[in-house]
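Coordinate analysis (summary)
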Amino acid sequence: MTDAATNMRLKLPIICFILEVILIILFGVLVQYDSDTDARQWHNNTNSGHSDYENEFYYRYASFQDVHVMIFMGFGFLMTFLQRYGFSSVGFNFLIAAFALQWATLMQGFFHGMHGGKIHIGVESMINADFCTGAVLISFGAVLGKTSPVQLLVMAMFEVTLFAVNEYIVLSALGAKDAGGSMTIHTFGAYFGLMVTRILYRPNLDKSKHRNSSVYHSDLFAMIGTVYLWMFWPSFNSAITAHGDDQHRTAMNTYYSLAACTLSTYAMSALTAHDGKLDMVHIQNAALAGGVAVGTAGEMMLTPFGSMIVGLLAGIISVLGYKYLSPILEDKLKIQDTCGVNNLHGMPGILGAIVGAVTAAVATKAVYGEGMKDVFPDVANGDIDASYQGVRQAIALAVTLGISLLGGLIVGFILKLPVFGAPSDTICFEDSIYWEVPGEETAHVDLTIVKMEESEKLNC
Amino acid sequence: MTDAATNMRLKLPIICFILEVILIILFGVLVQYDSDTDARQWHNNTNSGHSDYENEFYYRYASFQDVHVMIFMGFGFLMTFLQRYGFSSVGFNFLIAAFALQWATLMQGFFHGMHGGKIHIGVESMINADFCTGAVLISFGAVLGKTSPVQLLVMAMFEVTLFAVNEYIVLSALGAKDAGGSMTIHTFGAYFGLMVTRILYRPNLDKSKHRNSSVYHSDLFAMIGTVYLWMFWPSFNSAITAHGDDQHRTAMNTYYSLAACTLSTYAMSALTAHDGKLDMVHIQNAALAGGVAVGTAGEMMLTPFGSMIVGLLAGIISVLGYKYLSPILEDKLKIQDTCGVNNLHGMPGILGAIVGAVTAAVATKAVYGEGMKDVFPDVANGDIDASYQGVRQAIALAVTLGISLLGGLIVGFILKLPVFGAPSDTICFEDSIYWEVPGEETAHVDLTIVKMEESEKLNC
Amino acid sequence: MTDAATNMRLKLPIICFILEVILIILFGVLVQYDSDTDARQWHNNTNSGHSDYENEFYYRYASFQDVHVMIFMGFGFLMTFLQRYGFSSVGFNFLIAAFALQWATLMQGFFHGMHGGKIHIGVESMINADFCTGAVLISFGAVLGKTSPVQLLVMAMFEVTLFAVNEYIVLSALGAKDAGGSMTIHTFGAYFGLMVTRILYRPNLDKSKHRNSSVYHSDLFAMIGTVYLWMFWPSFNSAITAHGDDQHRTAMNTYYSLAACTLSTYAMSALTAHDGKLDMVHIQNAALAGGVAVGTAGEMMLTPFGSMIVGLLAGIISVLGYKYLSPILEDKLKIQDTCGVNNLHGMPGILGAIVGAVTAAVATKAVYGEGMKDVFPDVANGDIDASYQGVRQAIALAVTLGISLLGGLIVGFILKLPVFGAPSDTICFEDSIYWEVPGEETAHVDLTIVKMEESEKLNC
């Protein structure tokens with residue numbers, strides 16, 4: 001269908017080109033290779049004591065690629081569960097992620113990467129940019145099907161900026177730890193998105209209700225996303241932790257948390273259905289909550305035992321959220337949360353923040369040894385004691401909730417401007433507004449006709 | 001459909017929670033970080049000679065993730081070829097793998113990882129747990145479509161235990177080599193599963209015959225699984241070999257074996273069809289046999305030349321098996337092997353064991369040099385000669401066949417207990433017994449209606 | 001349908017077995033492990049100064065696997081966009097890639113890997129073999145839907161040989177740089193394939209026009225290919241650059257080029273559609289042009305700023321090519337380019353070559369420092385100055401264009417031999433000529449019947 005309001009012929013090119021040109025100019029002025037990517041600096045005699053295998057690339061690039069797969073493949077395909085929104089799910093995910101990672105490089109650089117007025121970048125900044133993008137994609141899940149690509153780019157621009165502010169406060173100003181982003185990524189992305197979708201509340205969304213569901217094949221496409229997110233979550237949580245035991249331990253804790261979460265997800269999905277049948281929505285989403293919930297504590301000495309308890313709880317909370325809380329949020333609070341990000345990222349993110357605060361508060365030198373300086377440097381230095389680190393963690397959660405909700409409120413109102421081309425209530429969850437969509441029919445080979453044509457040709 | 005016998009509302013939650021709680025308790029009591037994941041130990045002064053890049057994580061984590069993709073994505077999607085069993089294929093694969101990897105950590109730890117009464121874990125134990133899970137998933141392939149998730153969890157529990165026993169006998173007691181698991185994973189998983197499906201023989205399975213086949217799209221989903229298994233098999237076979245040349249050589253041998261196997265698979269598939277048309281079943285499965293068949297010898301000095309010969313043979317054997325042997329097994333021996341695991345894992349696994357025994361028997365110091373101690377430590381030490389290592393390998397195959405067949409026999413009878421909720425013969429290969437299944441219909445946008453509604457709104 | 005001309009029952013097995021037997025013999029005579037894969041050599045005392053982590057495996061294997069995914073998953077699924085050609089797209093991609101990587105090992109070995117009459121192989125040769133395979137798959141994209149698997153194998157055999165000749169001239173004889181293959185892979189593969197499809201021109205191809213298009217699900221399968229190619233392109237371009245800063249920098253430049261390219265692709269796709277709707281063909285293909293266009297300059301000190309400009313241009317050129325140039329090529333020049341490889345690989349490849357020549361010509365010691373010897377060894381040695389390196393790069397592009405076009409011309413005529421079993425014009429883009437194709441119908445569970453049968457059973 002063609003509609004003047006949602007026609008993207010000028011709107012989308014204008015915003016894309018303006019944003020990209022601004023990005024290019026700012027990169028030209030501000031961004032430089034860091035010492036591990038710059039030819040001259042890496043080979044500089046003054047630090048010639050190093051060997052090539054000590055380049056940060058070999059510590060983190062494999063993790064980066066796993067994270068990259070989660071962002072583009074995982075999030076993109078997870079959202080293809082909608083029957084008529086597969087192109088937009090993968091395609092808009094692709095577009096806003098490609099924009100957000102560039103903008104995040106700048107915003108995160110402003111706040112914690114400036115060196116003599118320049119932003120230094122390398123594989124670690126690439127991972128951080130992908131992380132920030134992840135938060136935007138979580139918010140995308142809340143508004144999925146109800147927003148134009150222009151709205152999404154505007155949302156991404158503001159959200160990345162606020163993400164960087166919040167991340168700076170949490171990690172640098174407060175000195176909290178959050179390597180896997182239970183707070184900075186999941187809690188932030190979820191509550192920002194939930195507030196945006198609250199402001200964009202559509203009272204007549206039930207006119208598009210018949211498209212707000214899955215079909216058999218779309219659920220299988222979505223499982224591609226789920227499985228990738230699940231498999232690579234250990235890499236996500238460990239991607240920017242300290243070298244050595246820290247990366248190793250974080251990956252392992254996440255692995256066991258996810259495994260336990262999967263069992264509790266299946267259990268709860270069957271238990272909460274009147275006929276005991278499993279619900280794909282739970283499997284696709286709640287089984288991932290175990291990764292979210294160890295995003296803060298994964299690098300700590302949580303032990304596999306502790307990780308499994310956290311994962312078990314995360315799966316239970318998440319399924320209960322999908323089953324009982326989401327309908328209440330929609331009916332009572334007018335929060336239309338398409339993908340249920342409150343259940344996958346919001347509540348498990350808060351759980352993760354609490355687990356992180358508790359685990360930090362009970363850290364002891366006896367357990368961490370010299371490794372304390374990697375995980376809690378201020379505790380290792382003697383500047384603070386462990387229980388105060390726990391307090392920092394708790395404050396960081398409160399700050400994250402505040403900034404995300406307030407940010408979502410403001411950005412939600414900005415997104416209401418009619419110029420951004422949002423679809424009308426009757427035509428949500430539908431690719432054909434923004435995409436050329438081919439039919440579903442398959443050209444069946446009519447063998448008789450083909451044979452007849454062949455015969456005719458031979459006869460000629 | 002709803003049926004009291006297959007209703008999972010209580011059965012599945014009960015078994016999931018009981019198993020997970022037992023796992024958590026045992027992890028709490030028995031499991032500890034190893035020296036590469038523990039903060040205190042890694043930073044301990046006494047072994048401070050090491051650098052972070054020497055942490056086992058950097059040697060093996062990328063391989064682990066490739067194996068992880070094979071287990072969850074590869075096996076899961078390979079089995080989606082069935083037209084109405086995609087949710088169960090991916091979903092039950094996910095469930096039993098998540099359980100099996102936790103249980104395998106304990107079982108394998110009991111048999112070869114105890115240190116002062118504790119099981120020490122790290123990336124290598126994670127890979128081994130995934131490997132053990134692979135064997136369970138192979139057995140799952142034999143019974144695919146005919147078992148409830150509760151049956152599968154029970155099967156996994158017993159199979160993991162027996163796997164660990166067999167692995168201990170083969171690798172530790174006998175001193176055989178089997179880095180890629182031709183024997184311990186593929187032969188074991190296949191013959192265990194074949195015996196289970198024999199015991200669970202369903203004389204009236206033809207009542208579900210119309211669903212025991214693929215459709216166009218389901219074959220494409222299955223190819224995702226195939227391609228992932230094929231691509232990452234070099235990582236699978238090399239994941240736990242010794243550092244350096246061993247990992248490198250194993251990956252390369254596997255790469256060439258698979259390439260050769262692919263050509264012989266296509267050749268045999270066309271040759272055995274009366275009209276020369278390729279059969280997706282062969283491409284999806286037989287092309288992988290080359291990876292199975294160098295699972296034992298891949299780490300040895302097999303050479304790419306030798307690997308290619310093995311791959312060529314594996315592809316031929318596997319296609320012939322699908323074409324001629326599987327129908328005989330079903331008709332004469334009453335073995336209903338849904339995925340044809342005998343052809344992909346069973347016979348190629350035995351071939352791999354034989355190739356391993358022969359390659360070991362002809363190993364010489366002239367060829368291996370100082371590298372002999374990595375591959376055949378007992379031969380390098382002078383404890384035994386190479387031909388005796390070959391004998392060990394052959395005994396290991398016999399032991400594996402014996403334990404897997406006997407184990408499958410016993411477990412098959414256990415699984416017959418009606419309480420586990422197996423589907424009836426008329427409703428096998430069908431997702432809707434255990435899953436909420438959406439329709440296939442796509443909500444087509446009726447533009448006329450939408451436009452009319454829009455107009456009405458404007459008129460109001 | 002069955003047709004004597006296209007029946008592969010003997011043709012395909014004969015060519016597969018002959019090729020594989022020749023490969024095995026040549027591998028047996030010529031191929032040896034290199035010093036990083038050979039047990040004896042790696043452990044040899046004379047070079048015992050090294051540690052296991054210095055094995056080339058750890059520098060490159062993760063990149064190799066990413067490239068491997070691009071070749072088998074990326075290219076294979078990218079081409080599944082056709083509604084009735086998914087089996088062939090993934091399946092023939094699989095077959096010719098498995099052959100080409102073996103043949104490429106030999107051909108590339110002949111030209112730049114002989115050591116005392118032997119070809120030494122390891123992870124770097126595996127990457128190079130996959131790269132060469134990539135060029136063949138690009139050509140496959142031009143002829144997709146119109147060729148038999150036998151034609152494709154014959155094409156692969158000749159193309160790999162010519163690829164190795166061209167690569168030798170460009171990299172070794174001329175001393176040009178092309179780590180990501182803008183010239184040697186993309187330009188070569190594209191213009192070779194375009195010339196082949198020109199020679200194989202089918203005036204009556206419109207008889208198959210109704211199948212030369214996508215359906216909804218086939219476009220989603222194709223997006224799997226697109227997203228994988230996009231995500232792993234940084235690994236592709238950096239896979240064989242020098243250790244350390246070079247791999248690191250190349251990956252990062254590619255990451256930013258692709259991100260910028262994605263924004264310009266979306267912008268141009270909307271801008272060139274009369275109703276502003278995005279076209280999946282553009283998103284699936286043009287968004288990747290940014291990776292192609294930094295294939296040569298990616299390892300140089302291009303800066304993220306420069307990379308983004310190149311990516312922006314590549315996306316614009318590519319979409320314009322799909323929109324306006326492809327129809328002209330087909331109508332005026334009789335070039336039927338199924339996948340539009342001119343737009344994704346051809347023109348962006350030439351752009352990449354030009355960017356590489358310019359970037360090389362302006363290289364200075366002040367920017368590269370000691371790192372100059374990794375990127376431009378002859379400039380670092382003082383043998384030539386940077387501007388002359390730029391000239392080398394330009395000559396390399398001309399040579400590549402010449403060899404690819406001439407090679408495509410000759411090979412095109414060879415492929416016209418009727419014995420190879422090409423499909424007739426009425427039955428192009430159709431799986432069922434070469435594959436057993438199942439129906440699309442899904443066996444719906446008739447609950448009434450099932451229940452009746454169940455009841456009967458109980459009554460008995």
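Everything that follows concerns the structure shown earlier in this document.
Let me begin by describing the structure that accompanies this report. All of these numbers come straight from a predicted model, not from anything done at the bench.

**Quick notes on the overall build of chain A**
For chain A, the count of helices and strands is 18 helices and 3 strands. Expected size for 460 residues packed as a compact globule is a radius of gyration near 23 Å; at 24 Å, chain A falls within 12% of this value. The burial tally for chain A puts 68% of its 460 residues in the buried class. Within the structure as shown, chain A displays about 13,300 Å² of accessible surface, and the carbon and sulfur contribution to it stands at 63%. Computed over 24 positive and 39 negative side-chain charges, the inter-centroid distance for chain A is 8 Å.

**Focus: the pattern of salt bridges**
Taken as a whole, this structure holds 27 salt bridges over all chains when the rule is applied. Between Glu-370 of chain B and Lys-365 of chain B there is a salt bridge whose closest N-O contact spans 3.7 Å. The partly exposed category is assigned to Glu-370 of chain B, whose relative accessible area is 37%. The residue Arg-249 of chain C makes a salt bridge to Asp-245 of chain C at a minimum N-O spacing of 3.0 Å. Of this pair, Arg-249 of chain C and Asp-245 of chain C both sit in helix α9 (residues 245–271), 4 residues apart, which is roughly one turn of the helix. Note on accessibility: Arg-249 of chain C and Asp-245 of chain C belong to one class, buried. Each of Glu-56, Arg-60 and Glu-124 of chain A takes part in salt bridges that share partners, so that together they form one network.

**Regarding the packing of α9 of chain C against helix α12 (residues 303–332) of chain C**
Residues and elements named next belong to chain C. Running from amino to carboxyl end, α9 crosses α12 at an angle of 35°, the nearest separation of the two axes being 7 Å. Taken as a pair, α9 and α12 cross one another with a handedness that is right-handed. Residues Met-252, Asn-253, Tyr-256, Ser-257, Ala-260, Cys-261, Ser-264, Thr-265, Met-268 and Ser-269 of α9 lie in contact with α12, whose contacting residues are Thr-303, Pro-304, Ser-307, Met-308, Val-310, Gly-311, Leu-312, Ala-314, Gly-315, Ile-316, Val-319 and Leu-320. Classifying every residue of the contact of α9 with α12 gives 13 nonpolar, 9 polar and no charged.

**Description of a nonpolar patch on the surface**
Side chains of Leu-10, Ile-14, Ile-18 and Ile-22 of chain A together with Leu-271 of chain C sit close together on the surface and give an oily, nonpolar patch of about 440 Å² of accessible area. If one sorts the elements of the nonpolar patch by residue count, helix α1 (residues 11–30) of chain A sits on top with 3 residues. Position of Leu-10 of chain A relative to the elements: it lies in the segment before α1.

**A closer look at unusual backbone geometry**
For Lys-334 of chain A, which is not a glycine, the phi torsion comes out positive at approximately 60°. Here Lys-334 of chain A lies in the loop between α12 (303–332) and α13 (341–361). Residue Phe-429 of chain B is not a glycine yet carries a positive backbone phi of 55°. Considering the arrangement of structural elements, one finds Phe-429 of chain B in the loop between α17 (386–415) and α18 (447–459). Overall, the relative accessible area of 1% leaves Phe-429 of chain B in the buried class.

**Considering the packing of aromatic side chains**
Applying the stated rule across the entire model yields 84 aromatic pairs over all chains. With centroids separated by 5.1 Å and ring planes inclined at 85°, the aromatic side chains of Tyr-58 of chain A and Tyr-59 of chain C adopt a geometry described as edge-to-face. A residue pair is termed interchain when its members come from two chains, as with Tyr-58 of chain A in helix α3 (residues 56–78) and Tyr-59 of chain C in helix α3 (residues 56–78). Take Tyr-58 of chain A and Tyr-59 of chain C: they sit in the same class, and that class is buried. Measuring from centroid to centroid gives 4.4 Å for Trp-230 of chain A and Phe-72 of chain B, while their planes differ by 40°, and the two rings are tilted. One end of the pair, Trp-230 of chain A, is in helix α8 (residues 216–238); the other, Phe-72 of chain B, is in helix α3 (residues 56–78), on a second chain. Considered together, Trp-230 of chain A and Phe-72 of chain B belong to a single accessibility category, that of buried residues. A network of ring pairs unites the aromatic residues Phe-72, Phe-87, Phe-92, Phe-94, Tyr-434 and Trp-435 of chain A together with Tyr-216, Trp-230 and Tyr-266 of chain C as a single cluster.

**Some points on the relation of the copies chain A and chain B**
Once chain A has been moved 0.0 Å along the axis and rotated by 120°, it coincides with chain B to within an RMSD of 0.0 Å. What we have between these two chains is a three-fold relation. Within chain A, Ala-62 of chain A has its C-alpha nearest the rotation axis, a separation of 3.7 Å. A low fraction, 14%, of the interface residues of chain A reappear at the interface in chain B, so the copies pair through non-equivalent surfaces.

**Quick look at the relation of the copies chain C and chain A**
After a rotation of 120° and a shift along the axis of 0.0 Å, chain C superposes on chain A with an RMSD of 0.0 Å. When the interface residues of chain C are mapped onto chain A, a mere 14% of them again fall at the interface, so the copies present different faces.

**Quick word on the interface of chain A and chain B**
With 86 residues of chain A at the contact, the number on the chain B side is 85 residues. Summed over both sides, the interface of chain A with chain B buries roughly 7,400 Å², with 70% coming from carbon and sulfur. Joining chain A to chain B, the criterion identifies 0 salt bridges. Here the side of chain A that touches chain B is composed, by residue class, of 47 nonpolar, 23 polar and 16 charged.

**Quick look at α1 of chain A**
Counted at 1.5 Å a residue, the expected span for α1 of chain A with its 20 residues is 28 Å, and the 28 Å between its end C-alpha atoms agrees. Those residues of α1 of chain A that are buried lie in contact with β1 (31–33), α4 (86–112), β3 (118–121) and α6 (149–173) of chain A together with α9 and α12 of chain C.

**Re the sheet that holds strand β3 (residues 118–121) of chain B**
Residue and element names in this part refer to chain B. What the 3 strands build is an open sheet, ordered β1-β3-β2; its pairing is mixed. Sheet topology places β1 (31–33) and β2 (114–115) at the edges, where each strand pairs with a single neighbour. As paired strands, β2 and β3 are joined by 2 bridges and run antiparallel to one another. Within β3, the position partnered with His-115 by the bridge is Lys-118. Here helix α4 (residues 86–112) sits on the sheet and contacts β1, β2 and β3; the angle it forms with β3, its principal contact strand, is near 115°.

**A word on the pairing of strand β3 (residues 118–121) of chain C**
When a strand is regular, its side chains alternate between the sheet's two faces. Residue and element names in this part refer to chain C. Across the two faces of β3 the burial differs, with Ile-119 and Ile-121 buried and Lys-118 and His-120 not buried at all. For strand β1 (residues 31–33) and β3, the ladder comprises 3 bridges, and the chain directions are parallel. In the sheet register, Val-31 faces β3, and the bridge partner there is Ile-119. Count of turn residues in the strand β2 (residues 114–115)/β3 antiparallel hairpin: 2 residues, of which Gly-116 carries a positive phi of about 60°.

**Some words on the sheet that holds β1 of chain C**
Residue and element names in this part refer to chain C. An order of β1-β3-β2 is seen for the 3 strands of this open sheet, with the pairing classed as mixed. A strand with exactly one partner marks an edge of an open sheet, and here the two such strands are β1 and β2. Strands in contact with helix α1 (residues 11–30) are β1 and β3; relative to β1, the strand with the most contacts, it is inclined by about 55°.

**What about empty space enclosed by the protein?**
Within this structure, the stated rule accounts for 13 cavities of 30 Å³ or more. Along the walls of the largest cavity sit 24 residues, with Tyr-58 and Tyr-59 of chain A, Tyr-58 and Tyr-59 of chain B together with Tyr-58 of chain C positioned nearest its centre. Breaking the lining of the largest cavity down by element, the ones donating at least two residues are α3 of chain A, α3 of chain B together with α3 of chain C. For the lining of the largest cavity, the per-class residue count stands at 18 nonpolar, 3 polar and 3 charged. In this structure, the second largest cavity encloses a volume near 260 Å³. For the second largest cavity, the lining is made up of 24 residues, of which Asp-66 of chain A, Ala-62, Asp-66 and Phe-232 of chain B together with Asp-66 of chain C are closest to its centre. Of the residues contributing to the lining of the second largest cavity, the split by class is 15 nonpolar, 6 polar and 3 charged.

**Re the environment of Asn-7 of chain A**
Following the sequence through the fold, Asn-7 of chain A ends up in the segment before α1. Expressed as a C-alpha distance, the spacing of Asn-7 of chain A and Asp-66 of chain A, which sit 59 residues apart in the sequence, is 36 Å. A distance of 2.8 Å separates the side chain of Asn-7 of chain A from the backbone nitrogen of Arg-9 of chain A, its partner in a polar contact. In terms of polar contacts, Asn-7 of chain A uses its side chain to reach the backbone carbonyl oxygen of Asp-275 of chain C, at 3.3 Å.

**Some details on the interface of chain C and chain A**
Facing the 86 residues of chain C at the interface are 85 residues of chain A. A combined buried area of about 7,400 Å² lies between chain C and chain A, and 70% of that area is made up of carbon and sulfur atoms. In this structure, the connection of chain C to chain A is made through 0 salt bridges. Where the side of chain C that touches chain A is concerned, the elements lending two or more residues are α3, α8 (216–238), α9, α10 (280–285), α12, α14 (365–368) and α15 (372–375) of chain C. When residues of the side of chain C that touches chain A are assigned to their parent elements, the largest contribution, 20 residues, is made by α9 of chain C. Taken together, the residues that form the side of chain C that touches chain A break down as 47 nonpolar, 23 polar and 16 charged.

So, how was this worked out
Every chain's residues receive numbers from 1 upward, in the order its sequence appears when written. Labels follow written order: the first chain is A, the first ligand is 1, and so on. Totals for whole chains, interfaces and linings use every residue, but because this is a predicted model, local features are given only for residues with pLDDT of at least 70 and side-chain atom pairs only at 80 or more, for both listing and counting. Only hydrogens and water are set aside; all other atoms, that is, all heavy atoms of the structure, feed into the side-chain values. Each helix corresponds to a stretch of at least 4 residues labelled H or I by DSSP, and each strand to a stretch of at least 2 residues labelled E; elements are numbered beginning at the N terminus. Radius of gyration here uses only the C-alpha atoms, and the compact-globule reference equals 2.2 Å multiplied by the residue count raised to the power 0.38. Using a 1.4 Å probe on the protein chains alone, a residue whose accessible area is under 20% of its type maximum counts as buried, one over 50% counts as exposed, and one in between counts as partly exposed. Each accessible area value is a Shrake-Rupley result obtained with a 1.4 Å probe; residue values ignore everything except the protein chains displayed when judging cover. Charge counting follows a simple rule: Lys and Arg are positive, Asp and Glu are negative, and His as well as the terminal groups are ignored. Note on charges: their place is set at NZ of Lys, CZ of Arg, CG of Asp or CD of Glu. Any Lys or Arg side-chain nitrogen found within 4 Å of a carboxyl oxygen on Asp or Glu counts as a salt bridge. Think of each axis as a best-fit line through the C-alpha atoms, taken over the contacting stretch in the case of a helix, with angles from 0 to 180 degrees between the N-to-C directions. Left-handed describes a crossing in which the near helix is turned anticlockwise from the far one by less than a right angle; the clockwise case is right-handed. The contact criterion used is simple: two residues touch if any of their non-hydrogen atoms lie within 4.5 Å. Lys, Arg, Asp and Glu make up the charged group, whereas Ala, Val, Leu, Ile, Met, Phe, Trp, Tyr, Cys and Pro make up the nonpolar group; the residues left over, Gly among them, are polar. For patches, a residue must show more than 30% relative accessible area and have no salt bridge; joins then use 9 Å for like charges and 5 Å for nonpolar side chains, namely Val, Leu, Ile, Met, Phe, Trp and Tyr. Here is the rule: rings of Phe, Tyr and Trp (six-membered ring for Trp) pair when centre to centre is within 6.5 Å. Planes less than 30 degrees apart are stacked, more than 60 are edge-to-face, and the remainder are tilted. A least-squares fit on C-alpha atoms brings the copies together, and the residues used are those whose pLDDT is at least 70 in both copies. Two parts placed together each lose some accessible area; with a 1.4 Å probe, that loss summed over both constitutes the buried area. A helix is expected to span 1.5 Å for every residue after the first. Think of it this way: DSSP has to see at least two bridges between two strands before they count as a pair. Only protein atoms enter the 1 Å grid, on which a cavity is a set of points fitting a 1.4 Å probe that cannot get out and a pocket is an open set with protein on both sides within 12 Å along at least 5 of 7 lines, lining residues being those with an atom within 4 Å of a point. Grid points are joined across faces, edges and corners, and a volume is the space filled by probe spheres set on the points. Counted as a polar contact is a pair of N or O atoms within 3.5 Å, where, for protein atoms, one must be capable of donating a hydrogen and the other of accepting one, and residues adjacent in sequence contribute only when both atoms are in side chains.

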